[in-house]
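# Fold and contact review
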Amino acid sequence: MAVEDKKSYLMLIDGKFVTGEAGMRPVINPANGKAFVDVPEASPDQARQAIVAARKAQKAWGLKSPLARAAIMKRIAVLIRQNARHLAEVVVREQGKPINEAIGEVGGAAEFFDYHAEFARRIQGEILPSDYAGEQVWIQRVPVGVVAAIIPWNYPSALVSRKVAPAMIAGDTIVIKPHEDTPLSALEMARIFVEAGVPAGVVNVITGRGETIGEVLCTEPGVDLITMTGSVPTGKRIMANASRNLTPVSLELGGKAPFIVLADADLELAVRSAATSRYMNCGQVCICNERTLVHRSIYDQFVTRFVEFSKSLVVGDPMQANTDIGPKVSRDELEKVEAVLAEAVAGGARLALAGGRPTKAPIDGGYWLNPTVLTDVTPDMPIMTREIFGPVVPIMPFDTFEEAVSITNASNYGLSAYLFTNDLGRVMNAVNEVSFGEIYVNRIGPEMLQGFHVGFRESGLGGDDGVHGLESYMRKKTVYVNYSGAATAALMPYGR
């Protein structure tokens, strides 16, 4: 199937591929700014139908043995790998990241299913002693029920898997809503789910606008868990909507990752790591290096090398293997980053590397932005406090470790932080003092499947990955089992 085939994409509701009752929406290729395929737009009624389908399918799916669920998940992983090149090209065309990064993303999408399938024999309960003879207390982990998952545009393939895989092994059913700018990867995954033998209603994929379809998913009483990756304002709106039904939420929101380089760090490693972390996916990653803090004794060396390395990167056609940085995902996102940059310069920041839009665009009409480096920044500047989400990096010096930690923690965000040093004492100090959900020492992301991707403060609540992420998709049920035949209730006087 060619990506350009405009009649190919349908939503998946209750095991059937369906058109959208709210019409069609074009998908724009960010490399050239042109629409290349249309996708259906669901109506609110179709969103409700997807929830009903998930509810109807959940009991039978939850009663399947975990091994039976895992077998289907393993088939999904195989099919993702068999279609990896096509799926990666879909990511490139709808989202704009370089093909090598897209191939890595699709590989990660398969790994989520392999990893979570391994929990088929590892979901554990507990048996506790009772206060009475002939009795036990069981605490079981059972499916949470129906999950609504809202997916952002920056990793449109991997984040589908990140939500669907733990839901499936837990025995949940799920309704996925991808971002309206990047719906194709989720719709491609829908085909794979059907081909792998996922029963009707277990996974449903619907497309449409967040303010209509997302609103339904977050307010309907038939949803038992809302999981979302995206922006802070959207996360707050979801929490407000979820409160109507006291629906639990798991939110992975924005980040403002500090990248701290101490005087004893391996300078070359720190420079390359800082640049890679900042520029991957055109800076559109929640764990990206958003503000670089360098000890004053090595600051000038670091900036010089960082600028040189930034200049060496290739901004170009994301389908080419030698491209390092592709376009921004949309015109709105491009203009948003440009506004943040202009505000910083107007506020006194200096352009150590001017960046900006290329004089000659790699492809006409695309949303291109060259790497941009700022110095003469202060901690209170908006560019040091608000998320940039683009290939723009402010670099500032610090004098003491305590100063760097203070600047780091003075943020509404608290997702990821980076520290480069060979001083184990400083590492341990950072572990104790840096108030972020993830700390990377002498390395950068991505995070690992067996870890726990979690943010503090406005970076979210709940979390993804590993055994702790899987917990969100299950609830605990307590069972008091009396096998003695005695009427223990009569032995329990009130007020005991």
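Note that the coordinates shown come from a computational prediction; the quantities given were computed from them, not determined experimentally.

### What about the domain arrangement of the chain?
- By domain assignment, the chain separates into domain 1 (11–253 + 459–479) and domain 2 (258–441).
- Measuring from the centre of the C-alpha atoms in domain 1 to the corresponding centre in domain 2 gives 31 Å.
- Taken together, the contact pairs 25 residues of domain 1 with 29 residues of domain 2.
- Summing both sides of the interface, domain 1 and domain 2 together bury roughly 2000 Å²; the carbon and sulfur share of this comes to 59%.

### What about the environment of V232?
- Following the sequence through the fold, V232 ends up in helix α8 (residues 232–242).
- For V232, a relative accessible area of 10% puts it in the buried group.
- Separated by 207 residues in the primary sequence, V232 and I439 place their C-alpha atoms 21 Å from one another.
- Residue contacts for V232: discarding those within four places in its chain leaves L253, G254, Y413 and E458.

### Details of the sheet that holds strand β6 (residues 135–143)
- With antiparallel pairing, three strands are arranged side by side in an open sheet as β5-β6-β20. Of all the strands in the sheet, the pair left with one neighbour each is β5 (126–129) and β20 (474–482). When the angles between neighbouring strand axes are averaged without regard to direction, this sheet yields 25 degrees.
- Taken together, the nine bridges between β6 and β20 define a ladder with antiparallel strand orientation. The partner of Q136 across the bridge, within β20, is V481.

### Let's talk about empty space enclosed by the protein
- Throughout the structure, instances matching the rule amount to two cavities of 30 Å³ or more.
- Looking at the largest cavity, its volume works out to about 40 Å³.
- In terms of lining residues, the largest cavity is bounded by P258, I260, T408, A417, Y418, L419, A430, V434 and I439.
- For the lining of the largest cavity, the element with the most residues is strand β17 (residues 416–420), which contributes three residues.
- In terms of residue class, the lining of the largest cavity is built from eight nonpolar, one polar and no charged.
- Taken together, H116, R162, P166, D464, D465, G469, L470 and Y473 make up the lining of the second largest cavity.
- Class assignment for the residues of the lining of the second largest cavity results in three nonpolar, two polar and three charged.

### A short note on the pairing of strand β13 (residues 289–295)
- Burial of β13 is extensive: seven of the seven residues sit out of reach of the surface.
- With five bridges joining them, strand β12 (residues 257–261) and β13 adopt parallel strand pairing. By the bridge assignment, F259 is partnered in β13 with T292.
- Handedness of the crossover joining β12 and β13 through helix α9 (residues 267–279): right-handed.
- As paired elements, β13 and strand β16 (residues 392–398) share four bridges and run parallel to each other. Its bridge partner being in β16, L293 is matched across the sheet by M396.

### A look at the sheet that holds strand β14 (residues 350–353)
- Taken together, seven strands build an open sheet; the order of strands is β14-β15-β16-β13-β12-β17-β18 and the sheet is mixed. Of all the strands in the sheet, just β14 and β18 (438–441) have a single pairing partner and so form its edges. Neighbour-to-neighbour, the strand axes of the sheet open up by a mean angle of 25 degrees, direction not taken into account.
- Alignment of β12 against β17, held across three bridges, turns out to be parallel. Each residue of the ladder has a partner; that of I260, found in β17, is L419.
- The strands touched by helix α10 (residues 299–312) are β12, β13, β14, β15 (372–375) and β16; relative to β16, the strand with the most contacts, the crossing angle is about 165 degrees.

### Some details on the packing of helix α13 (residues 401–409) against helix α14 (residues 424–433)
- Where α13 contacts α14, the two axes come as close as 11 Å, and the packing angle between them is 30 degrees. In terms of axis orientation, α13 runs roughly parallel to α14. Considering only the axes of α13 and α14, their crossing is right-handed. Taking contact as the criterion, the partners of F401, E402, V405 and N409 in α13 are, on α14, R426, N429, A430 and E433.
- Across the contact of α13 with α14, the residue classes break down as three nonpolar, two polar and three charged.

### Here's the deal with the packing of aromatic side chains
- Summed over the entire model, instances satisfying the criterion amount to eight aromatic pairs.
- With 4.8 Å between their ring centres and 20 degrees between their planes, F259 and F420 make a pair best called stacked. Taken together, the residues F259 in strand β12 and F420 in strand β17 connect sequence positions 161 residues apart.
- Take F420: its relative accessible area is 1%, and that puts it in the buried class.
- Each member of the aromatic cluster is reached from another via a ring pair, and the members are F259, Y418, F420 and Y440.

### What about the packing of helix α7 (residues 210–219) against α8?
- One way to put it is that α7 packs onto α8 with a least axis distance of 8 Å and a crossing angle of 45 degrees. Between α7 and α8, the angle falls in the class oblique. α8 is crossed by α7, and the crossing has right-handed handedness. Across the interface between the two elements, E215, C218 and T219 from α7 touch I238, N241 and A242 from α8.
- Of the residues belonging to the contact of α7 with α8, the class tally is three nonpolar, two polar and one charged.

Conventions adopted
- Residues numbered from 1 in each chain as written.
- Predicted model: local features only at pLDDT ≥ 70, side-chain atom pairs only at ≥ 80, totals over all residues.
- Heavy atoms only, no water.
- Domains from an automatic or database assignment.
- Contact = heavy atoms within 4.5 Å.
- Buried area = accessible area lost by both parts, 1.4 Å probe.
- Helix = DSSP H or I, 4+ residues; strand = E, 2+ residues; numbered from the N terminus.
- Buried < 20%, exposed > 50% of the residue type's maximum accessible area, 1.4 Å probe, protein only.
- Pairing = 2+ DSSP bridges.
- Axes fitted to C-alpha atoms, helices over the stretch in contact; angles between N-to-C directions.
- 1 Å grid on protein atoms, 1.4 Å probe; cavity = no way out; pocket = protein on both sides within 12 Å on 5 of 7 lines; lining within 4 Å.
- Points joined across faces, edges and corners; volume = space filled by probe spheres on them.
- Nonpolar A, V, L, I, M, F, W, Y, C, P; charged D, E, K, R; others polar.
- Right-handed = clockwise from strand over helix to strand, strands pointing away.
- Parallel < 35°, antiparallel > 145°, perpendicular 65-115°, else oblique.
- Left-handed = near helix turned anticlockwise from the far one by under 90°.
- Phe/Tyr/Trp six-rings, centres within 6.5 Å; stacked < 30°, edge-to-face > 60°.

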